[in-house]
Each structure stands twice: as structure tokens, then as C-alpha cells.
Amino acid sequence: MTRGRILIALLVIGVALRLAALCLRPEGALYAAPDEDEYLQIAQSVARGEGFALHGVTTAYRDMLLPVVCAALMALFGDSPLPMLLLNVLLSVATAILLFDLGRRRFGERVALIMAGVWLLYPTAIIFSAMLFTETLFVFLWVLAVWLYDRLDEGGYRPLDAVALGAVSGLLMLTRAVGVVVAVSLIIYIVLIRFERPLRVRLRAALILGAACLLVVLPWMVRNYFAVGRFALNTNGGINMYIGNNPRANGSYLFDGEHERLLPPAEAGEAARDRAAAGLALAFVREHPREALRLWERKFGFFWATDMTQWIHYFWDPSGPPSVSKRLRAMPVARLALLAVPYMLMVLLGISGFYLVRHFPARGLLLLQIFLLLLACFVTYGTPRYRYPVMPALVIGAGALWRSHVWVSAPPWRRLFLLFTLSMFVGIWLFEVMTIAGV
């Protein structure tokens, strides 16, 4: 069988698995699951012509692009999330195609097929397609941005390529505000790291990229200023900072009545609450710098925990135990392993590729993006779902291992440091398993 036919077969299998995940999800889970229900309600409000609103109240709390795309599909096909979920399937498969091309350019077609196959068979990517989260759209745009950067670099930093890359970076920010990581990483990488190009050419490309990105996001930020009083991409940035930086923070999501009590009432508006939350978070960091810094260890652990918690969203049951560990403990071990083991292998191989292979295209850019996303986690809080956008980068890193003498050609100190790093990740996962088991 030719490699083209193998790719087609993999794509068909990938689509089938994603459609199966969509069909097997419990009926009604999407309408009750956290976050998904709000994205759905906003999309339905937009589709009815009632504006970007939640429960009839104008909002900017949720990021814009997913509900608006979903609303456009509802206007065409009816008041159902199914068309958006089917689009998720196509976007997830398109991400695999982009990974194939990124791998082909770097490592050859054989490795590119493996990379595409890994993504198409990656269980978490499959179940995310069946959920009304921003992740599938966000990751597609992120990988598209890396693909467009390749085109920008290979084309000699042509202005039109910079415009396209800037526009996609802006769409990323509209999908999730943390997408600013991509725009910032691209500008830093182009201006400060790619010394092979003349400085004038690099600066021109960075300015065009930044201007195109700004043109995409500026109308929405202006809308938020006039609609809710906040010139920002959303009104949850301060809340997220507060969740991760307060005396009762645990490193992950914890926001209850005691936290709520310190914020202005809902009648004050979400912008006022967001500003107040940001102020509380900054005050905690200033007054308790050691405690805030010690939380980074826990945030790092939650960020790199396995994908097992995604089953809770997929099989959402409002009557389930309030504890995440108790919910997971009630699930079959094989089901937990289905999400945990492939993820762990991807992380171990991806990290090994970045450590052992020093030179492959855009390696520095991918590392910078991972670092900036991790920094955003430290500023806010850690959860495995927020780590999902770096998984394609780890697939690329793993692809770099497909060459001769990778281990023996690396310096001893690099190999030792790699073993230490991998041991740290294994320790995080062992602690997670013990917590779920109640040990």
C-alpha cells in the first residue's frame, strides 16, 4: 500500500472514531456539563439575533470565536450543537493533515505518517471532538499558525505570508485569550532568534504580523469596552488569576462561596468583578510572594497530569461525587488507562526529542510556545485541559527521534538531565494515580 493510501486509511479511521465518540456520549451530557452549557447558550443567543449574551445578559466572560462559529452553523442548520460538533471532527482531522505536512518537511513522509496517525488515534483528541469546548478549534488554529510560520520562513518573510500568520494568530486569541502566547512567541522568535535573516526583513515581518493580529482582535475588544466596560478579549482573566493566587488556592480550579464573597456582587457587572479579582490576586502575590511561588509546583503538577479527568466532562453526571478523584475512582481502570497511557507516551517521547535532537526547523519556536503557555499556567492555575494545545508540539518532538544514534550522539550531561526530567514527570503521574486510588 502506498503512503498516500495509508494516509487516507488513517484519515477514514480518525473520522470514524470521532463520529463514534460523538454518538456514544451520554444524551444530555453536553447540555449540563460545565462550560459547554454556557458556550451553547451564548451560541443560541447569537443565532436568535439576541447578541452575545448569557441568560439574557450581555457578556464577554466567554471567548468569542467558538460561540459565534457555532451560532453561524445554527443559523444555517437549526438550533442544535451537532453541526459544530461535526465541524470539530473535521478540524481535528485537519490538524492531523497539518501535522503530516509539518512532519514531512522536517523528517520525511514515513515519520509524517506516524505523526498523523498518532494524532488521529490519540484518544483525548477523539473525545474532545465530541465536546463543545474551545480546544479542538484552538489546537487546529495553533497548528495552522506553525504551518504558516513554515511558509513564512521558506518564502523569505513575504508580507502576505506575515498577514496570513497574523490573522490566524488573532483568531487564536479570539478563540481563547491565552492564544496571545502564539503571537508573542512568533514576534520574539522572528525578531530576536532568527539571526539568519536581515534585521530589516525580520522587523518588517513582525510588524505586519502584529498589525494583522491587532486588526482581527481590535473590533471585539472595542465591543467589550462599550458592552461591558472592559477593553479586553474577555472578562475572565482576573478571575483566573484570583483562582490561582489566593490564601486558599490549591494550584488547580477552586472557586467557591468564600472566594465569591470577596468579589463585588453580580449586579456590579462582570468587568468590575474581573478587575476586583485581579486586584486580589496581585495583592496576594505582593503580600505572600513565597506562598504564591510555592503554588507553582502544584500548578505544574496539575498542568502535566494525565488526561484521565477528561472522562468526567465526557460522561458528565451532575449527581456524581464532588471530588474529581472519587469520580475517577468509580471508573474502570481500562477506561482510565485508555486516556492516560497514550498521553504519557507522547509526553515522554516528545520531551526526549526536544532534549536529544538539537536541530530541526522551528524547534526553538515550539519550545518558546510551551514555555509561555506554562508561564500563563503559573500566573493563573493548572489543569490538564489547558495543556492540550502543546500536544501537537510534543508529537513533532517525538518525530525528531526517528533517526540513527539519537541517544549515543547526545552529550552525557544532556542524557542525564533528560532522565531526571522524565523521572519528574513519572513522579507526577504516580502521585496522581495514588491520589485517585485513595492511597
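Residues numbered from 1 in each chain as written. Predicted model: local features only at pLDDT ≥ 70, side-chain atom pairs only at ≥ 80, totals over all residues. Heavy atoms only, no water.

### Points about the nonpolar core
Here is step 1: Counting 125 residues, the largest nonpolar core has W119, Y149, W304, V347 and M391 as the members making the most contacts within it.
Here is step 2: The leading source of residues in this core is helix α8 (residues 135-154), at 13 residues.
Here is step 3: Setting aside residues up to four positions removed in sequence, W119 forms contacts with R18, S92, T95, A96, L99, A125, V139, Y388, M391, P392 and V395.
Here is step 4: If you look at the next biggest cluster of nonpolar residues, it comprises eight residues, including I239, I243, L263 and A277. (Core = buried A, V, L, I, M, F, W, Y, C linked by side-chain atoms within 4.5 Å. Buried < 20%, exposed > 50% of the residue type's maximum accessible area, 1.4 Å probe, protein only. Helix = DSSP H or I, 4+ residues; strand = E, 2+ residues; numbered from the N terminus. Contact = heavy atoms within 4.5 Å.)

### So, empty space enclosed by the protein
Here is step 1: The final tally for this structure, using the stated rule, is one cavity of 30 Å³ or more.
Here is step 2: Roughly 80 Å³ of internal volume is contained in the largest cavity.
Here is step 3: Counting residues per element, the ones that place at least two in the lining of the largest cavity are α8, α19 (363-379) and α21 (391-399).
Here is step 4: Looking at the lining of the largest cavity residue by residue, the class counts come to eleven nonpolar, one polar and no charged. (1 Å grid on protein atoms, 1.4 Å probe; cavity = no way out; pocket = protein on both sides within 12 Å on 5 of 7 lines; lining within 4 Å. Points joined across faces, edges and corners; volume = space filled by probe spheres on them. Nonpolar A, V, L, I, M, F, W, Y, C, P; charged D, E, K, R; others polar.)

### As for unusual backbone geometry
Here is step 1: Backbone geometry places D35, a non-glycine residue, at a positive phi of 75 degrees.
Here is step 2: Mapped onto the fold, D35 is located in the loop between α2 (29-32) and α3 (36-47).
Here is step 3: Residue A362 is not a glycine yet carries a positive backbone phi of 65 degrees.
Here is step 4: Summarising the element assignment, A362 is placed in the loop between α18 (333-356) and α19.
Here is step 5: We classify A362 as buried; its relative accessible area is 7%.

### Description of the pattern of salt bridges
Here is step 1: Going through the model one piece at a time under the given rule, you end up with 21 salt bridges.
Here is step 2: Here R62 makes a salt bridge to E38, at a shortest N to O gap of 2.9 Å. Of the two residues, R62 sits in the loop between β2 (57-58) and α4 (65-77) while E38 sits in helix α3, which places them 24 residues apart along the sequence.
Here is step 3: Residue classification places R62 among the buried positions, given a relative accessible area of 12%. (Salt bridge = Lys/Arg side-chain N within 4 Å of Asp/Glu carboxyl O.)

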